Amino acid sequence: MEYTQLGRTGLKVSRLVLGTMNFGPQTDEATSHAIMDSALDAGLNFFDTANVYGWGVNKGRTEEIIGSWFAKGDGRRDRTVLATKVYGNMGADGEAWPNHDKISALNIRRAVDASLKRLGTDHIDVYQFHHVDRSTPFDEVWQAIDVLIGQGKILYAGSSNFPGYKIAQANEAAARRGMVGLVSEQCLYNLFERRAEMEVIPAAQEYGLGVIPWSPLHGGLLGGVLKKETEGRRRTEGRAAETLADPANRARFQAYEDLLDKHGLAPGEVGLAWLLTRPGVTGPIVGPRTPEQLAGALRALEVELSDELLAELDAIFPGPGPSPEAFAW
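Conventions and cut-offs
Residues numbered from 1 in each chain as written. Predicted model: local features only at pLDDT ≥ 70, side-chain atom pairs only at ≥ 80, totals over all residues. Heavy atoms only, no water. Helix = DSSP H or I, 4+ residues; strand = E, 2+ residues; numbered from the N terminus. Buried < 20%, exposed > 50% of the residue type's maximum accessible area, 1.4 Å probe, protein only. Polar contact = N/O pair within 3.5 Å; in protein donor to acceptor, adjacent residues only side chain to side chain. Contact = heavy atoms within 4.5 Å. Pairing = 2+ DSSP bridges. Right-handed = clockwise from strand over helix to strand, strands pointing away. Expected span 1.5 Å × (residues − 1). Salt bridge = Lys/Arg side-chain N within 4 Å of Asp/Glu carboxyl O.

Asker: What am I meant to see in the side chain of N89 here?
Answerer: Here N89 lies in the loop between β5 (81-86) and α4 (105-119). Its relative accessible area of 16% is what places N89 among the buried residues. Among the polar contacts made by the side chain of N89, one reaches the main-chain amide nitrogen of G91 at a distance of 2.8 Å. N89 has contacts with V52, K59, A96, W97, H100 and D101, leaving out every residue within four places of it along the chain.

So, in structure tokens, the structure goes:
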């Protein structure tokens, strides 16, 4: 396993991040534990979750599954860099209550204690804001985070789904307080969806944040979905189906699969390997439902992409170009 620093911190994390969103809703507890064991055995030490994972009436279930895994001992918690998130309302659906969501000082205090209890740990390594909160000033957010760091409940703070200007605002506010500020940004980024290259990734690089892409295969579309459709192994639905309904998009994914078939490469492994070549990227989040899917993701670490192949991928899925030249002269 290859490791890197998380942004400008001294924290060493694996180049792949284990996403746990499927634990509970789609993957039972025993299988989830097996996946986490396999990940740790492979040297993958960076685990990502969120307080709302489990969804619906089971919000928090994913953190509970991770907590029961930690409870097995054998150094599991000590070897894991644990990241979770705060923002979503944790009340049962239809029972949302004021001050039980977003990132006010009150909700941060309430949410972190609840996450620690579910996770069965005394601290969270990277505590992430799951979305921007336009109603809470960053001075209030950082005051709350400063207290939590002082109490030893969290070590670092990160963001998720922040635009570039919010990353700048957050870290400028932190700097005024003499704080480290955000150390990571978790954003939607993959070969097909490259808008983060316009502002988010440049802001993250400027302020020393590690970039942690979510949905690295764009909901499976970069994992060879057209071939799987043809073979009857997968049926696209939801956003994936809507994306493929556009003939131009379908043609691009077909060209992608044809290119990699010519090179004898697996599309899913290439989609992850491509992200590992991108400036500023710490590591993409992989969210396996089965141990076999985890094994496939780990193989991406061994894939080497030639300059020629990278250029061909760019031709199929061109990025927006540098900012501001992409939208200015």
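Asker: Would you explain the pairing of strand β7 (residues 154-160) in this entry?
Answerer: A regular strand places its side chains so that they alternate between the two faces of the sheet. Where burial is concerned, most of β7 is hidden: five out of the seven residues are buried. For strand β6 (residues 124-129) and β7, the ladder comprises five bridges, and the chain directions are parallel. Bridge pairing links I124 to I154 in β7. Between β6 and its parallel partner β7, the chain crosses via helix α5 (residues 138-150), and the hand of that crossover is right-handed. Each parallel crossover has a hand, and the one from β7 via helix α6 (residues 164-176) to strand β8 (residues 182-188) is right-handed.

Asker: What is the right way to read the environment of I108 from this model?
Answerer: Structurally, I108 is set in helix α4. Taking relative accessible area as the criterion, I108 reaches 0% and is therefore assigned buried. In this structure the C-alpha to C-alpha distance between I108 and K85, which are 23 residues apart in sequence, comes to 10.0 Å. Not counting residues within four places of it along the chain, the set of residues in contact with I108 comprises I103, Y127, F129, V141, A144, I145 and L148.

Asker: For this particular structure, what's the right way to read helix α10 (residues 247-263)?
Answerer: Residues separated by three or four positions in an α-helix point in the same direction, a consequence of the helix having 3.6 residues per turn. For α10, spanning 17 residues, the distance from its first C-alpha to its last is 25 Å, which sits close to the expected 24 Å at 1.5 Å a residue. Looking at the packing, one finds that the buried side of α10 touches α8 (225-230), α9 (238-244), α11 (267-276) and α13 (307-316). Between the side-chain oxygen at the start of α10 and the backbone nitrogen of A248 there is a gap of 2.9 Å, and the oxygen is on D246. Within two residues after α10, G264 carries a phi angle of roughly 70 degrees, on the positive side.

Asker: Looking at this structure, how should I read the pattern of salt bridges?
Answerer: When the charged atoms of two side chains lie near each other, side chains of opposite charge can form a pair. Scanning the entire structure with this criterion turns up 15 salt bridges. One salt bridge in this structure joins K85 and D48, with 2.8 Å as the shortest N-O distance. A residue pair is termed long-range when its members are at least 10 positions apart, and K85 in strand β5 and D48 in strand β4 (residues 46-48) qualify at 37 residues. The exposure classification of K85 matches that of D48, with both residues buried. For the salt bridge of R299 with E269, the shortest nitrogen-to-oxygen distance reads 2.9 Å.

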